[in-house]
Amino acid sequence: MDDSELFAAAQRLPSARRPLLGLTILVIEDSRFACEALRLLCLRSGARIRRADSLKSARRHLQVYRPSVVIADVGLPDGSGLDLIKEMNAARPRVRIILAISGDENVQEETLAAGADGFLAKPITSLAAFQNAILSRLPDDRQPSGPRQINDETVEPDPIAFLDDMAHAADVLNDTQEEKSLDYVAQFVGGVARSAGDTPLAKAAENLARARSEGRPVASDAAVIAGLVQERLERRIAI
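Report follows, based on the coordinates. (Residues numbered from 1 in each chain as written. Predicted model: local features only at pLDDT ≥ 70, side-chain atom pairs only at ≥ 80, totals over all residues. Heavy atoms only, no water.)

Attention now goes to the overall build of the chain. The helix and strand inventory of the chain stands at 10 helices and 7 strands. For the chain, the proportion of its 239 residues judged to be buried stands at 48%. Taking contacts inside the chain between residues at least 6 apart in sequence as the whole, the part at least 24 apart equals 67%. As displayed, the chain has an accessible area near 12,400 Å², and 48% of this comes from carbon and sulfur atoms. (Helix = DSSP H or I, 4+ residues; strand = E, 2+ residues; numbered from the N terminus. Buried < 20%, exposed > 50% of the residue type's maximum accessible area, 1.4 Å probe, protein only. Contact = heavy atoms within 4.5 Å. Areas by Shrake-Rupley, 256 points an atom, 1.4 Å probe, with all protein chains shown as cover.)

This part is about the packing of aromatic side chains. How two aromatic rings sit relative to each other is given by the distance of their centres and the angle of their planes. For the structure shown, the criterion picks out 2 aromatic pairs. For the ring pair F33 and F162, a centre distance of 6.1 Å and an interplane angle of 80 degrees mean the geometry is edge-to-face. With F33 in helix α2 (residues 32-45) and F162 in helix α7 (residues 159-175), the pair connects residues that are 129 residues apart, well separated along the chain. The same class applies to F33 as to F162, namely buried. On the numbers, 5.7 Å between centres and 25 degrees between planes, the contact of Y184 with F188 is stacked. Of this pair, Y184 and F188 both sit in helix α8 (residues 179-196), 4 residues apart, which is roughly one turn of the helix. With respect to class, Y184 is no different from F188; both count as buried. Looking at R50, its charged tip hangs above the ring of Y65, at a distance of 3.7 Å from the centre. (Phe/Tyr/Trp six-rings, centres within 6.5 Å; stacked < 30°, edge-to-face > 60°. Lys NZ or Arg CZ within 6 Å of the ring centre and 35° of its normal.)

As a volume, the largest pocket reaches approximately 390 Å³. Every residue lining the largest pocket is counted, 17 residues in all, and those nearest its centre are D104, A186, Q187, R194 and A209. Broken down by secondary-structure element, the contributors of at least two residues to the lining of the largest pocket are α8 and α9 (199-214). Ranked by the residues each element gives to the lining of the largest pocket, the list is headed by α8, at 5 residues. (1 Å grid on protein atoms, 1.4 Å probe; cavity = no way out; pocket = protein on both sides within 12 Å on 5 of 7 lines; lining within 4 Å. Points joined across faces, edges and corners; volume = space filled by probe spheres on them.)

Take the pairing of strand β2 (residues 48-52) next. The sheet contact formed by strand β1 (residues 24-28) and β2 spans 5 bridges and is parallel. Note on β2: the bridge partner recorded for I28 is A52. Note that the unit made of β1, α2 and β2 has a crossover that is right-handed. (Pairing = 2+ DSSP bridges. Right-handed = clockwise from strand over helix to strand, strands pointing away.)

Okay, here's the thing in structure tokens:
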């Protein structure tokens, strides 16, 4: 190995400033806002990121690439992330680290039972928490050399990503009012709203989810969400 090869190898080793250098993280997330936060966290940590917004896309990625870490949202447009976590946990060779994410902390036990190594509650904005969730599950030879200063930095996703999510929610609501789609809307909008700190929208999503779980009529709750989503799009309310 010549000097240039040694230098290139050193550049790929984790360091105190970039402790996740050399790792590839597959983020399976349908929210642009949440995905943008994770992209910034990966960028500041030195990790390479790949993204998938559905189960179908994630499975296609996993057939071609073998990431070091998978971060999977529980609620996806074409099914439950729990099913994918079970598949990845049973696969051999297994992805080294599987982390589940959700805006609903009540699903944490389900994700761990499905085979996830850890759970992160949205919003995920703390650089230290993100790095520790991964570093604590890596072997010694993948740890950064020397002392590592705990960075309490937080990331702020581009507000335009929030509006992209609102446009997606509006499209789903306009296309169909089927019960399965309303379950997805409640989960998706609730997660985005909590990540963005949009309390009225989060409350509306919670009301819709509760109505669905209790078997009550949902037309009025769905209409409230549709109105709030449209209001944010028309007034371009980002947060």
